Structures are given as structure tokens and as C-alpha cells.
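One-letter residues, chain by chain:
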Amino acid sequence: MLNIARSGNQSWICYPIMPLLIHKRPDGTEKSLEFSSKPLIVGRLPESEISVRDAFISRVHCGVSYINNQFTLKDLGSTNGTYRNGARVFECSLSTGDKIQVGNTTLVFEIDSKSGNAILRQVPQMVAPPLTVAGSSPPRPDLKQVTAPVNPPGMKPAAVPPGIKPK
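Residues numbered from 1 in each chain as written. Predicted model: local features only at pLDDT ≥ 70, side-chain atom pairs only at ≥ 80, totals over all residues. Heavy atoms only, no water.

Novice: Requested: an account of the confidence of the model for the chain, with residues and values cited.
Specialist: Across the chain, pLDDT averages 82, with 65% of residues at or above 70. Considering only residues more than four positions removed or in separate chains, one finds that residues 1–5, a stretch of pLDDT under 50, has 19 contacts. (pLDDT = per-residue confidence, 0-100. Contact = heavy atoms within 4.5 Å.)

See the structure below:
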């Protein structure tokens, strides 16, 4: 994209316009960010440009940049890795429709065809119900669980310490 301006009566000046990155959060709010020479940080820290509340992502997880008219994604030494469309990446270019996975969070990358701005749409996380053994019911908080020691066959019962009466 170019912004064209006229300087007095002299000549026309052309200079590039940097696109924005718009982070669309699951709660419906948006945050517009300007690209610069440094990448926009995706991380767990509230100070990150793209702050994501997910215990499985690093404080500084990955970065999104705009260099040479191309959007790029770079892993910044994260513990659990950065994935694009299911494949682990360390640095790659981004295209419309790419799904970026960081921890348990999915970000869908899009480019607005009219403005040229990048959009990172954060997909709401799905929480699975607790697993239960087939035929059993989940634990009930109103019932008290009692455990008793079990002696394997052929083993003598454990000695009762002095001063304690067995029940």
C-alpha cells in the first residue's frame, strides 16, 4: 500500500502505509496494533501486545511481524511450541485462513482485502467435561470417601502401633 502526497508545488511523494494488526478477542472486544521494526508479541504476560490467558503458553511465546510486504510468524523460544495449520514452525509467512496454535489457544489469521490490515481472531477455548470410567458416575461432593488398607493375600496384617485401638 502506498500513501501519495504532494509536497507544495514541487513533486509527489510516495511512502508506504503500514497495515495494522487487529486482535479480535473471544469476548467480542478488539485491539488495533501498529507494526514497527519489532514483532508484536503473543504471550501470557498482560504487557504482551497480544495477551492470551492460557497457562500452556509462554510469557513471551511468539511474534507477528510485517516485513517486505509479508506477514510473518516467529516462535520466540516458547516451551510448548508454535504451530501453523497443525505443523510446528519456528518462522514462517502467514496467509489468510492460517490457524495458529499456541498452548490450548487457536488464533485464526486473516487479511482484510479492502484495508490490507491483518486480523488475528482468537477462537474461544472448549473445555471438556471430566472423564469417567464407563458405567461409573462422577464423584459426588456430598459423599465422604473412606479408604482402608488392603493386605494382599499371603501378607500378615500391619502391626498396630501401641496406644491405638483398632476399629
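Next comes the rest of the description.
Novice: Describe the sheet that holds strand β11 (residues 91–93), naming the residues involved and giving the relevant values.
Specialist: Pairing within the open sheet is mixed, and its 5 strands lie in the order β6-β5-β7-β8-β11. Each edge of the sheet is formed by a strand with only one pairing partner; in this case those strands are β6 (50–51) and β11. Both strand β5 (residues 40–43) and β6 contribute to a ladder of 2 bridges, which runs parallel. Across the sheet, the residue bridging to G43 is S51, located in β6. (Pairing = 2+ DSSP bridges. Helix = DSSP H or I, 4+ residues; strand = E, 2+ residues; numbered from the N terminus.)

Novice: Lay out the side chain of D98 with the relevant residues and their values.
Specialist: Secondary-structure assignment places D98 in the loop between β11 and β12 (99–102). For the buried D98, which has no salt bridge, the nearest side chain bearing the opposite charge is R84, at an N-O separation of 4.2 Å. A polar atom in the side chain of D98 sits 2.9 Å from the side chain of N85. Here the side chain of D98 touches S95 through a polar contact of 2.8 Å, landing on its backbone nitrogen. Leaving out residues up to four positions away in the same chain, D98 has contacts with R84, N85, S93, L107, V108 and F109. (Buried < 20%, exposed > 50% of the residue type's maximum accessible area, 1.4 Å probe, protein only. Lys, Arg positive; Asp, Glu negative; His and termini not counted. Salt bridge = Lys/Arg side-chain N within 4 Å of Asp/Glu carboxyl O. Polar contact = N/O pair within 3.5 Å; in protein donor to acceptor, adjacent residues only side chain to side chain.)

Novice: Which residues make up the pairing of strand β7 (residues 62–67), and what values go with them?
Specialist: Burial of β7 is extensive: 5 of the 6 residues sit out of reach of the surface. Bridging between β5 and β7 involves 3 bridges; their strand directions are antiparallel. By the bridge assignment for β7, V42 is matched with C62. Bridge count for β7 against strand β8 (residues 70–75) is 6 bridges, and the pairing is antiparallel. Counterpart to C62 in the pairing with β8 is D75. In this antiparallel pair of consecutive strands, β7 and β8, the connection spans 2 residues, and N68 shows a positive phi of 50°.

Novice: Please set out the environment of Q101 residue by residue, giving values where relevant.
Specialist: As for its position among the elements, Q101 is in strand β12. For the pair Q101 and T82, spaced 19 residues apart in sequence, the C-alpha separation works out to 6.0 Å. What Q101 contacts, discounting residues up to four positions off in sequence, is G81, T82, Y83 and T106. Looking at Q101, its side chain comes within polar contact range of the side chain of T106, at 2.7 Å.

Novice: I'd like a description of the packing of aromatic side chains, backed by residues and values.
Specialist: Under the definition given, this model contains 4 aromatic pairs. Measuring from ring centre to ring centre gives 5.7 Å for F35 and F71, while their planes differ by 55°; the resulting arrangement is tilted. Of this pair, F35 sits in the loop between β4 (30–34) and β5 while F71 sits in strand β8, placing them 36 residues apart in sequence. Assessed through its relative accessible area of 6%, F35 is described here as buried. Feature note: the residues F35, Y66, F71 and F109 constitute an aromatic cluster, connected by ring pairs. (Phe/Tyr/Trp six-rings, centres within 6.5 Å; stacked < 30°, edge-to-face > 60°.)

Novice: Quick one: what's the story with the nonpolar core, residue by residue and with numbers?
Specialist: Ranked by internal contacts, the top residues of the largest apolar core, which has 22 residues, are L21, I50, L73, I100 and L120. Elements supplying a minimum of two residues to this core: β5, β7, β8, β12, β13 (105–111) and β14 (118–123). Here the element with the most residues in this core is β7; it accounts for 3 residues. Apart from the residues lying within four places of it in its own chain, the contact partners of L120 are L21, I22, H23, K24, I50, V64, I100, L107, V108 and F109. (Core = buried A, V, L, I, M, F, W, Y, C linked by side-chain atoms within 4.5 Å.)

Novice: Provide a residue-level description of the sheet that holds strand β10 (residues 87–89), including the pertinent values.
Specialist: Strand order in this open sheet of 7 strands is β4-β3-β14-β13-β12-β9-β10, and the pairing throughout is mixed. With one partner strand each, in any of the chains shown, β4 and β10 form the two edges of the open sheet. Recorded for the sheet is a direction-independent mean angle of 30° between the axes of neighbouring strands. Bridge analysis of β12 against β13 gives 4 bridges, and the strand direction is antiparallel. Counterpart to K99 in the pairing with β13 is V108. (Axes fitted to C-alpha atoms, helices over the stretch in contact; angles between N-to-C directions.)

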